[in-house]
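# Observations on the model geometry
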Amino acid sequence: MGSIVTPPPPLAVEDVFSEFAGQSKTTVRLHPRRAYPGVRESSLGGLLLWPAEEAWPECAAGDDHDEPIVLVAVLQIFARDVPELPFPNGTDVFQLLWCPALHDEDCRPRPVVRWRAEASIGELLDNPEPPDDEDVEDNHVPNICGLSPERVRELPYPWELDADLRDRVEAWAKERGWSYFAHLSAASGTKVGGWPQWIQDPEYPVCHCGTTMTHLITVASGEWDGESWRRWSPEGTVDGGEAAGLCLGDGGSNYFFTCPRCPNDPPVMVFQCS
Ligand SMILES: [Zn+2]
Ligand SMILES: [Zn+2]
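In this report, the structure presented in the accompanying data block is examined. Each residue is numbered by its place in its chain's sequence as written, counting from 1. Going through the entries in the order they are written, you letter the chains from A and number the ligands from 1. Local features in this predicted model are restricted to residues of pLDDT 70 or higher, and side-chain atom pairs are both shown and tallied only at a pLDDT of 80 or more, whereas totals for entire chains, interfaces and linings draw on every residue.

Further remarks concern the pairing of strand S12 (residues 214–220). Consecutive side chains along a regular strand alternate between the two faces of the sheet. Across the seven residues that make up S12, a large majority, six, are buried. Inspection of the sheet shows strand S11 (residues 191–192) paired to S12 by two bridges, in the antiparallel sense. Note on S12: the bridge partner recorded for Val 192 is Ile 217. By the bridge criterion, six bridges tie S12 to strand S13 (residues 253–258) in an arrangement that is antiparallel. Opposite Ala 220, over in S13, you have Ser 253 as the bridge partner. With C-beta atoms placed from the backbone, the exposure class of a residue follows from how many other C-beta atoms lie within 10 Å of its own: 20 or more, buried; 12 or fewer, exposed; in between, partly exposed. The secondary structure listing takes helices from DSSP runs of H or I that are at least 4 residues long and strands from runs of E that are at least 2 residues long, numbered from the N terminus. A strand pair is defined by DSSP finding two or more bridges across the two strands.

Written out as C-alpha cells, the structure reads:
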C-alpha cells in the first residue's frame, strides 16, 4: 500500500511546557484501509497464517448459542513490518483473534493471541468463514484491511497528567485554536506501542510478578472522531477513518498490555468505551 502520512503537530507543546521533557514516545499507527492482503501480509481482519495441525479457536460462551462461535481474525502483524512489537524470542508473527459474540452483560470481545515463527509453519489451515451476522455482533467483525504502519511521536493522553498541568496546556492550546486532548497528545486509532488514548481513566494492568504492564496495541472503533480528525486524519484526506468497520461498545477501544519481564505470558486486554 502507499504510505499514509499524519500531519505534523500544529503546536510545539514541549518547547513551551518543560514538564513534557522526556515524555514523548513513538507509536506505530497501523492505518487500516480496505484491501485484500494475502496470508503472508500484515492485515486487519484478513487471513491468518495458521498451521494445519492446530485447531482454529472457538468460543462456547456466547449468549443464546448452542453451537460454538468461530473466533474472527483481528490483526496479523509480521516483524518485518512492525519490529517494535515485543516478539518473544524465535517468533516473527503476531496474531490477534477475538470472539465477536456478546457474553452476558459484558460487551467486550474475548481475545486470543498467538506469536508464531513464520518459517516453522508448514501446511496451512484454510481459515474458516466468519460467523453469520445474526449470531454475533457484526460491529465486532472487522472488515478486511491492509496496514500501512507509520511512526508518529506522541505525548501522554491528558488523563495521565496532573490536573494543573492538564488545565494549563489545554487553555494554552485552546487560545491557539487547538486542543491538547484531541490534537496534541496521544494518537487516535489502531496502533502499536506509545501512549494509550484512554477514553476513561488510565488502567494499566499489573502483572502477577508485580510489574506495571506496558501498552502493546490499541484496537480502536475508528481512526478519529468529529474533533480529532483535524490532527489525526492523514494529509490530503479524511477518508478511511471507519474502514475497519468496528464499533466496540459505544465507540470504545480494546487496549492490550504485556509485561516486559514475562514476554511469554498472554497479553491482557482492557476495554473502555464512552
Ligand atoms: Zn464468545
Ligand atoms: Zn510479569
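So that's the structure; there's more coming.
Let us now look at the nonpolar core. Connectivity within a nonpolar core runs through C-beta atoms within 7 Å, and the core itself is a set of buried Ala, Val, Leu, Ile, Met, Phe, Trp, Tyr and Cys residues. Membership of the largest hydrophobic core comes to 44 residues, with the highest contact counts inside it found for Leu 44, Leu 71, Val 74 and Leu 97. Those elements that place two or more of their residues in this core are strand S5 (69–70), strand S6 (72–78), strand S7 (93–99), S12, S13 and strand S14 (268–272). Formed by 12 residues, the second largest nonpolar core is a distinct cluster that contains Tyr 180, Ala 186, Trp 224 and Trp 232.

The next point concerns the sheet that holds S13. Read from one edge to the other, the open sheet built from six strands follows the order S10-S1-S11-S12-S13-S14, with strand pairing classed as antiparallel. Looking at the sheet topology across the chains shown, the edges are occupied by strand S10 (150–154) and S14.

Moving on, we get to the environment of Glu 137. Topologically, Glu 137 is positioned in the loop between strand S8 (110–116) and strand S9 (145–146). The exposure class of Glu 137 is partly exposed, given the 18 C-beta atoms found within 10 Å. Taking C-alpha positions, Glu 137 is 9.2 Å from Cys 247, a pair spaced 110 residues apart along the chain.

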